Each structure stands twice: as C-alpha cells, then as structure tokens.
Amino acid sequence: MKNPRGGYGRLCTALLVITLALTFDGAESRCTSGCKQLPKKEKRSVDFRASNQRLEDSRLPKTVVPYSYRLHLRPSLEDTNFHGRVWIGFTVTEPTDTITLHARKLQIETTSVSVTKVVGSSNNITSDFQARLLEYEKEHEFYIIRLKPGARGKYLEPGNKYEVHLSFYGAHTRTGVSRLDGFFRETYVDQKTKEKRWYAATQMSPANARQVFPCFDEPSLKATFEVSVARPSHLSALSNMPIKTTEVMVERPGWYWDHFEKTPPMSPCSVAVLVSDLTPRHDEQALSGQHRRRNGASPAHSTPDYPRPQQPGSATVTVWASQGVGQAETATAAAVAPRVLSFFEAYLDTPFPLPKLDLIALPAYTASVPAHNWGLVFFRESDLLADNAGSEKWVTSRVAGELAYQWVGGFVTPAWWTDAWINKALANYMTSVAVDELQSRQDQAPSQRSPSSLIYSLYYEYSKHSPYSRIMPIKDLVSAEKGEMVIRMLNNTLSEDTFRAALKDFFTERQFSTFVQDDLWDTITRRAHIDGTLPEDATVKDIADSWIDKDRFPVVTITRNYKAGTADIEQRMFIRTKTIQPGGGARGESFDSDGGAAGDDHHQQQLMQQQNSQQRPLWWVPIVMATQEKMNFGETTPITWMKPTERRIALEGEDAREALPGPESFLVVNPEEIGFFFVNYDRRNWRLLADFLQGPRGLDSVPEVTRAKLVHDALNLALGDELAFDVALNVTRFLRRERSMAPWKPAFYIMDFLSRQLDGTMAGKKFADYVVRLVSPLYEELMSADRRQGSEDDLNMADFTPGWKARLRASARNALCLAGHPPCIAASKAQFDTWMEQGVPIPVQSLCPVFGWGTRKEWEYGLDRVLKFNDAQQPRYGRVYLLKTLASCTRDPELIERLLKAGLHDRNVFTDEELRLILSMMTSTYNGHHTLFKYLRDNWDSLKSSFERKTQMWNSLISFATGAFKTQHGHDMVHDFYKKHKGEFGSAEVIIIQSLKKIKSEAKWSERNLPIIESWLDSYLKTN
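Quick caveat, the model's predicted, so the values are computed rather than measured.

Student: Tell me about the environment of Lys966, and please be specific about residues and values.
Tutor: Mapping Lys966 onto the fold places it in the loop between helix H28 (951-962) and helix H29 (968-981). Counting along the chain gives 208 residues from Lys966 to Leu758, while the straight-line C-alpha distance between them is 8.8 Å. Among residues more than four places away in sequence, those in contact with Lys966 are Arg756, Gln757, Glu1002, Ala1003 and Ser1006. Engagement of the side chain of Lys966 in a polar contact is seen with the backbone oxygen of Ala964, the distance being 3.3 Å.

Written out as structure tokens, the structure reads:
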C-alpha cells in the first residue's frame, strides 16, 4: 500500500486560511491557482492484472481508524444541492500528522475543517490541531488533511481519541440526468390527486457514501452513526434507526431536525436516509408493529452503547408506500416481512440486531435490484406491491432476499468488494431456505430447495469449451452462483444441524464486524470437526476452493461388478462436445456377466489415457448414495469423499457390502442434486433405474428432484458422447406418467435441442412423433382440469391454474407445437384468425406454430404487419419479435426465399441489425439454413457485389449460410461451394473454413448417434 504523502505525485493544495471550496468530481477535479494535476499513467485498454492491483492501491492508510460519526444532512427539494456537516471520531495506530478520507463530487468548506482531541468520557474537546494543507487525490478520491503541530505535540498519538469536523455540500442526482448514486432526488405523481410529489433518498452502496459525506468509505471501517436529517414539516424522515428526538429548525421556518438513535457499528455504505410523504402500512395481524415471534432463539451479546433488541420478535417491521397505493396492495409485504424476520431469527438462533426494519415501496425508483440498506430497504414499487397470486410469490421472494442481506451484509459485512460474491452466495441460500419454508407447498414444483433453475445454467456453461466465468466482469456473479451450490452441498453433507450451528457461531463471532470467505469456511470446519461430520483430514476451505476456483465440473462414473459386489468410482472433468468419444466403461458398451466392459477400441483407450492425465483438474466430491433396497433418498451423509488426489477409488470389502445393493437393484449417486456434478453408471444400472421408474412404484418411491436429476444427466451425457442414446432415451419413458414440474424441465430443454438437431432427417420425424406421444397425456390432463374450472382457452388460464401448473402446461404446449401436433396448430390458427379478422391481440406463443404450419395467407399477414409496423404507435420489440418468428419458424422454402429477397436485395426493407437477425434465426431449422445456403450459392455474384465491402454483414452472411449443416451431405455441398469460389471470400475466407470443420464434427456425431436414436424410436413407437 502506497503512502498518500509520497506515492502519488504532487497534489492540489489549498491553505486552510483561504475561504475556498474544492469540487471533488469523478469526471473533473477543479484546482486552485498554482496546483498541478497528478501525472497520468500509461495503461492498456483492459488490464485485469493492473485492475486487481488497484484494489489494494485504492485502500485508505491504516493509520487512522474511525469509531463514530455524527452526521447532519439537509436535502433540498427546491434546488439541486444538499448540505451537511460531519464529526468523525477516530483513533490512530501510529503517530501521524495526516488524515485521509474519501470524498467525491462534494464541495468541502475548507474553513470548517478542524481536528480536535477528545478529553475524558464526557467528550470534552480541545482544539489542539489546525490543518496545514488540504489535498485532493483524484484517482482514488482521497481527501487528505495535513496538520500543523499542536500544543501537545507534532503528531496524533495512539491511545488518544480525536474528532475531525467538516462542512460540505453536494448535488442531488436525478433519474435521466445522472445515475442514482449518492443522495438522489426524484418525483412521482400521486395516483389519487395526480399531484407531483418530491422525495430524497440515498444510494450508498457499493462505494457511494463518499458522494454524500466525507468518510472512511471502506466496508471494513465500521463505526457507529448518529444521523440527523432536516425536513419540511409536511414530510417525514427515515434512517437506519428510530427517531430519538425532533426539534424545530430555528434558522429555517417550517423545517425540523429529526435526530435518530445511535446505530450499532456499521459500514458507511449501510447508512440510509429517506425524506418523503410516504405513509406506513402494517400487517393487520400485527398492528402493534411487532413481528410474530418464534420461541427458542436466544439474544445475542448486548452492547450498552446503542439500543438493540434483547430477544427475538422485538423489532418493529413497517411497510411504507405512497398515499395513492391501496392497503390491499401492500398487505402481502406487510404480512410476509414479519414472518420472514422471525424465520431468520429462529434459523440463525440470533435476534435481528436492529430495533426496527422499514421496507419502502419507492415510487419512480429505477434501480434493477433493491437497495439493501441496514434497517431501511428501498424497493421498486412493483417489487413490493401484490394484487394476485403470482405477484404475491414475487413479493415473498423479494422480501426474503432483502431480509437475508440484513444479516449477511449488515450484521456481518464483507471486508472488501472482492468478497461480495460470498456474501451474495450465503444470502441467496438463506433466501431459498426461507422461501421454501414460508410459501405454500400447493404451488411449489419443485421445492425451492431444488437448485434446478440455477444449476442447469451452470451445467450448460461449464460444459462448454469457454465458460462464461472466464469473462472477468462477471466472474464474481458466477462465483456467487457456485458458492451458493457449495453452501447447499455443505448443508446436506455435514448435516443441517451442524451447518446451522456453524452459521450461529459465524454470526456470533463476526457480529458488527467484517469477514472474508475463509472466515466462513473456517467456522464451518471447526463446527463440523466438533460434531464429527467432516473427516479430520478435510477442511471446508479445501472443499469449497476445489469447486469455486475451477471453471469446470466433474462427471462421476460408477461401474459396478455385479458378480463380485464391488464398484469402481471415477471422477474427471466433463466437457460437452460431439467430437470426444467416451473415456470409460459407461457409455453403454456390452458388459459381460462380471460387469466388465468389453469392446473398447484403441482410440477410446487413448482418450481414456488423456482424461487420466494428471493435468486434468480434480475435486472434493461427496459420494452420497441411495439404493433400491433402502430407498434412502433423504440420507445425505457421504459414504466417502473423493479427494483431489484421487481420480479413482474402489468400493469393496465391508464398505461395498454396507453401501451397495444386490445385483438386481439400482443405486443412485448424488440423489437430490446434492453436489454440482453429473453421474454416469454402467448400462445395467441405467436399465435397472429406467425399469423401476417405469414401474408402478417409480413415481411414488423416487423423489421428483432425483427423477429430474436422472433425466437431466442421462440426456446431457448422451449429448456429450458419454452415454449411448438408447440408454438415455430409455430413462425418459416414465415421463408419460409424470405430472411434476421438476423432471419435465430438463426433458423439455433437451427435446427442443434434439428436435432442431434432428430436423430434416427421418429420425427427426420419428422424434416428433415420440414427443407427441410422451407429452400429450400431460397436456390433456392439465387442460381437462382447467376446463372443469370454466376455461376452454389454454392460453388464458392464469386465473384458473396455480403458477407452476400454468408454466408446465405452457411448456408442454410449446413442445407439442414444435412437433407439429395438429390440435396445437389448430388452436393457434384460430387465435391468429381472430387477430387478422377482429384485431384481437394474439398471444406470442401462437405465432410460431402458425408461421411454421399454417397457410400462406397467414404468413403474408405476418410479413405485412412487419413491413407496415408503426414505430411511433407500437413498441419496436413487437416488430423485432414478429421478424424473429417469421425467420425461425417458417418451413416453406418459397416463403423463406421471399424473406431473403426482401432483406438481401431490397436494401430499404430491413436495417442491417434486422437482416443479421433474419439470417441468424434461419439457421434454427433444416429448411431455413438449406434455403439460405442455396440462395447464397445461386446468387453469389450479386450478393458478393452488394455486401463484400460491408465486412460485418458479409462475414455474417457467409457464417450463417454455411455453418448450420449437420450431415456429411451438407459438408460435401459446402466443400464444393468453397472449392468453386476459393480465394473469393475475402474477410470471410477463415469463416467458411471454420464452418467446414464444425460441419465435419456435427456429421461425425450424426453418423454415430442417428442410427441409435432412430432404432430406439422405431422400437418405442411400435409399442406405445
């Protein structure tokens, strides 16, 4: 860490005796006469290494440590400026004559700056020090005070308490004019009176407190705050703590000062202020303001210097909204918030650390996420108001999420911005637990504890060659998602009792303080070792790092020897690619009676050796097992942990006899998605699983999350050439009887993928028939239930159907429409006809079936609506969606060619952006990309003349027209085309070469898998 006095070059200075204000603006710093700007350093446009170093460079010197703030703020609703004063109490760790704070876009009155020594417990002060120089270091937003020697010595000395005072003013920010950072001012229109109303509020996080008042703006520099806010008499003020006293503002008639109680120690970014005319709302069942209380939670350590609850249930919870918002609209939030708060108090065995909590439905608030200030949370109105069952679920989820941050973020705080990801991970996990506990199980499918929505996206990205976590700007976001999965795994494998006890230890030890990720991991390790739920040679840090630090995940393969009653377990990195052959004995090869694999060729052995290379990453993997004999899916204790030093382990002897089932019974590893990894089995175990799921006990005995896991893993392993497709498809047979949401989610995703992959082949037609036979029973049952409640329209049943069933029905309908199911097409055509004839808006779900399977008249109507789209009267996304659907769903080659002619030859019809969208979307169907390629081939000269000089459009045209083929025949066509025009492609020469490589890979995949898929489909369709 550099010393601000000597490490940053010359700084702008101003003598204390000059009455002058300096403007600290992140965009431009003003300087008094004679000052010089800091020299700028040469740097690359993107230098992640330098950026990480800057995190250290920008930290304040550790010589001055704040312990208290007295902050006075006076907002202005008439002009753009707010005014304030701050007194900061501090100590020093070593003798110094320099105080360095943060400030941004503030004008500090230099004559107001004073430093005093606090004498005695009564806070008597003596003015021993005067400021010699005031400097502003723009790059890091440092305001530096250099002191003259005082009567008691030259330096501030350790062991003493001091106080620095500053007066300042700054500009309110406004939506549309600037970002909502710092102290912002906003207007809204009252729904009843139609009058324009003003309010002022703060947005301090992540590092914007310095834009409101000079401070030590680092999360680890916690201190108490005594906030005072000035307001006009017709408005009210809120802050983190309750109001202690109110007094008349003598110098400003009609105004008052609200003085708030002292806060516990907190970071400057947690300070919050609101001045508005919003009104309080209470849960009708808790009009006293106190939330419902759970027994058993003990009070945390009391701190006599500031008020705080001494027992759970004593904090008041209030929802605030504008006067035009009805009581019913805030009823959900007012009822849910106390219950969520009580749940967290019981779950963490720790009372809420503040005496009150205010939830604000802030009008015209445009932040994408709520401002989770401690004790005063700002929401967008739409996030806190509920008028139907769907919005009630949304409000519950939002409220639970923000209340989790009251503990993780407020009570304990990440020590630095780089630790924010672990804060988010823990808060997200706590939110999911609270929502699962509090929401009605009638509309839960699957359980909120299931990580499916989160884990599927992670699986997809981390199986690609270049996962998105390698993009540095979103590294923390992805780390938080992985961190949440690790926390969930720890809760399951170490036991919920151990995990919750560890969380209580963590909050007790770190209360009102800060933490880094290792603090959390160390606390859990200590508790798990005490409870005996973690091997002594393992630490949670090692386990967590093995998952979070890698941009991959493993596939764990279990190969059973049914005769010997043993099993081999292997872990290795998974990459979903169609060019990699299986690396082990679990793809579906023939197995002899002893369970050994037969038939591996030399190439497979080479790949197996490659996978076993010591350069491949390994993980701490919990081996949790359920068996058909025990049906112990609720058991989450690992039978063993695979270590990062173990690529393979053998389960034999007593361990095997205890864990493994008999030869005619299945086993399931990683049931209920406990860990973040795929699981593969030998062919016989997959068959045992598929047969049991298809049998009479399957749906009742195997939990829905485990059923979803089996479908998801089998299909994805098949796509990655890790499992034969006939084995994977066999697992899906039970879905014909499945009525829960969880198993269908991965099935619909893979159905959509395979439908497009197989489009244009005989296997594709048979697969569409398979989809119809599998999905139709589900769809018809859901439709019948809704018809009994009075609706015949499958697209307008939201009022009749619980949320998850509505989503399941919509997904089933989309799958059937994609497969060309006649009833689905007919229903969509009926709605389209109503749109054409009566102008009744059509649900967007009906467009694709009509453009793909309807008449030319309907297609012409859609194109006409695109061409005559009025941007002034309709949102532009409507035209874009229509165009996207026309390009991606049309199956008639003549109509596809018409769209191409309109885009590629009549250059006034579509913008370049729209034309690229058309070309991109055409690649999603066989007829689309075939017609596009033929159009390019047959019109080569004219298209080359029109687009060759437009490099981006030319490259897009060549890429989309040549890159979507999936068979050897397609490869041959593109190769012949390339040979004919070799040297004429210009900037797109490398693109068509890449297309040929890609098609070759796709063709090999098709050659290997299409015969297996088609053979299985023939067998299935004969018997179903």
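Student: Lay out the pattern of salt bridges in plain terms, naming residues and giving numbers.
Tutor: Following the criterion strictly, the structure yields 50 salt bridges and no others. Its salt-bridge partner being Asp713, residue Lys709 comes within 2.9 Å of it at the nearest N-O pair. On the criterion of helical spacing, the pair formed by Lys709 and Asp713 is a turn pair, its members being four residues apart in helix H15 (residues 704-719). In this structure Lys709 comes out as buried when scored by relative accessible area, which is 2%. We classify Asp713 as buried; its relative accessible area is 2%. Salt-bridge contacts for Lys950 lead to Asp912; the nearest nitrogen and oxygen are separated by 3.0 Å.

Student: Requested: an account of the pairing of strand E25 (residues 554-561), with residues and values cited.
Tutor: Most of E25 is tucked away: six of the eight residues are buried. Where E25 meets strand E26 (residues 566-573), eight bridges bridge the pair, whose relative direction is antiparallel. Its bridge partner lying in E26, Asn561 is registered against Thr566. Connecting the antiparallel pair E25 and E26 is a turn made up of four residues, with Gly565 showing a positive phi of about 75°.

Student: So what about the confidence of the model for the chain? Which residues, and what values?
Tutor: For the chain, the average pLDDT comes to 84, and 80% of its residues sit at 70 or higher. Here residues 283-304 is a poorly scored stretch, pLDDT under 50, and it has 55 contacts once near neighbours within four places are set aside; other chains count. Note that residues 790-801 has pLDDT below 50 and, in this model, 27 contacts with residues that lie over four places away or in other chains.

Student: Give me the sheet that holds strand E12 (residues 196-203): which residues, what numbers.
Tutor: Spatially, E11-E12-E17-E14 is the arrangement adopted by the four strands of the open sheet, whose pairing is antiparallel. Looking along the sheet, the strands with just one partner apiece sit at the ends: strand E11 (182-189) and strand E14 (236-239). On average, adjacent strands in this sheet sit at an angle of 15° to one another, irrespective of strand direction. Of the pairings in the sheet, the one linking E12 to strand E17 (residues 273-276) comprises two bridges and is antiparallel in character.

Student: Please set out the environment of Ser946 residue by residue, giving values where relevant.
Tutor: Secondary-structure assignment places Ser946 in helix H27 (residues 940-947). As for Ser946 and Leu904, which are separated by 42 residues in sequence, their C-alpha atoms are 8.6 Å apart.

Student: Residue-level account of the packing of aromatic side chains, with values.
Tutor: For the structure on display, the rule yields 46 aromatic pairs. Consider the rings of Phe352 and Trp407, whose centres lie 5.5 Å apart with planes at 65°: the pair is edge-to-face. Taken as a pair, Phe352 in the loop between helix H2 (327-348) and strand E20 (356-362) and Trp407 in helix H4 (residues 389-407) lie far apart in primary sequence, 55 residues in all. Each member of the pair, Phe352 as well as Trp407, carries the same accessibility label: buried. Between the aromatic rings of Trp940 and Phe977, the centroid separation amounts to 5.5 Å while the plane-to-plane angle is 85°, which identifies the pairing as edge-to-face. With Trp940 in helix H27 and Phe977 in helix H29, this residue pair connects regions lying 37 residues apart in the sequence. Each of the two residues, Trp940 as well as Phe977, counts as buried. Of the aromatic side chains, those joined through ring pairs into one cluster are Phe933, Trp940, Trp954, Phe965, Phe977, Tyr978 and Phe985.

Student: Could you give an account of helix H20 (residues 822-838), naming the residues involved and the relevant values?
Tutor: With 17 residues, H20 should cover 24 Å at 1.5 Å per step; its first-to-last C-alpha distance of 24 Å lies within 8% of that length. What H20 keeps buried is the set Cys824, Ile825, Ser828, Gln831, Phe832, Trp835 and Met836. For H20, the angular spread of buried residues about the axis comes to 145°, placing them on one side. Turned more than 90 degrees off the buried face of H20, the exposed positions are Pro822, Glu837 and Gln838. Just downstream of H20, Gly839 is the residue with a positive phi angle, here 75°.

Student: A description of the side chain of Glu989 should follow, citing residues and the corresponding values.
Tutor: Mapping Glu989 onto the fold places it in helix H30 (residues 989-1023). Despite its burial, Glu989 pairs with no opposite charge, the nearest such side chain being Lys982 at 6.3 Å. Those residues in contact with Glu989 that lie beyond four places of it in its chain are Tyr978, Lys982, Gly983 and Glu984.

Student: Explain the sheet that holds E26 residue by residue, including any values.
Tutor: An order of E30-E26-E25-E32 is seen for the four strands of this open sheet, with the pairing classed as mixed. Looking along the sheet, the strands with just one partner apiece sit at the ends: strand E30 (648-651) and strand E32 (678-681). Across the sheet, the mean angle from the axis of one strand to that of its neighbour is 20°, orientation sign disregarded. Pairing analysis gives four bridges linking E25 to E32, with the strands arranged parallel. When the sheet's bridge partners are listed, Val555 is paired in E32 with Phe678. Here H15 sits on the sheet and contacts E25 and E32; the angle it forms with E32, its principal contact strand, is near 75°.

Student: Tell me about the state of the cysteines, and please be specific about residues and values.
Tutor: If you walk through the whole model with that rule in mind, you get two disulfides. One disulfide in the model links Cys817 with Cys824; its S-S distance is 1.5 Å. You'll find Cys817 and Cys824 in the same group, each marked buried. Across a sulfur-sulfur distance of 1.9 Å, Cys848 and Cys889 are joined as a disulfide pair.

Rules of the game
Residue numbers run consecutively from 1 along every chain, following the written order of its sequence. Totals for whole chains, interfaces and linings use all residues, but because this is a predicted model, local features are given only for residues with pLDDT of at least 70 and pairs of side-chain atoms are given and counted only at 80 or more. The side-chain values count all of the structure's non-hydrogen atoms but skip hydrogen atoms and water molecules. Each helix corresponds to a stretch of at least 4 residues labelled H or I by DSSP, and each strand to a stretch of at least 2 residues labelled E; elements are numbered beginning at the N terminus. Two residues qualify as a contact provided that any one of their heavy atoms is within 4.5 Å of a heavy atom in the partner residue. A 3.5 Å cut-off defines polar contacts: any pair of N or O atoms within that distance qualifies, except that in protein one atom must be a possible hydrogen donor and the other a possible acceptor, and neighbouring residues in sequence count only when both atoms are side-chain atoms. Salt bridge, as used here, is a side-chain nitrogen of Lys or Arg placed within 4 Å of a carboxyl oxygen of Asp or Glu. Burial classes: relative accessible area under 20% of the type maximum marks a residue as buried, over 50% as exposed, and values in between as partly exposed (1.4 Å probe, protein chains only). Strands pair, by our definition, only if DSSP identifies at least two bridges between them. For every residue, the predictor reports its confidence as pLDDT, a number between 0 and 100. Axis lines are fitted to C-alpha atoms, over the contacting stretch for helices. Their N-to-C directions set the angle, which ranges from 0 to 180 degrees. Two aromatic rings, drawn from Phe, Tyr or Trp (for Trp, its six-membered ring), form a pair once their centres lie within 6.5 Å of each other, and the interplanar angle then sorts them: stacked below 30 degrees, edge-to-face above 60, tilted otherwise. By this rule, a helix spans an expected 1.5 Å times one less than how many residues it contains. Here, the arc refers to the directions that run from the helix axis to the C-beta atoms. This count recognises Lys and Arg as positive and Asp and Glu as negative, with His and chain-terminal groups excluded. To count as a disulfide, a pair of cysteine sulfur atoms needs to be within 2.5 Å.

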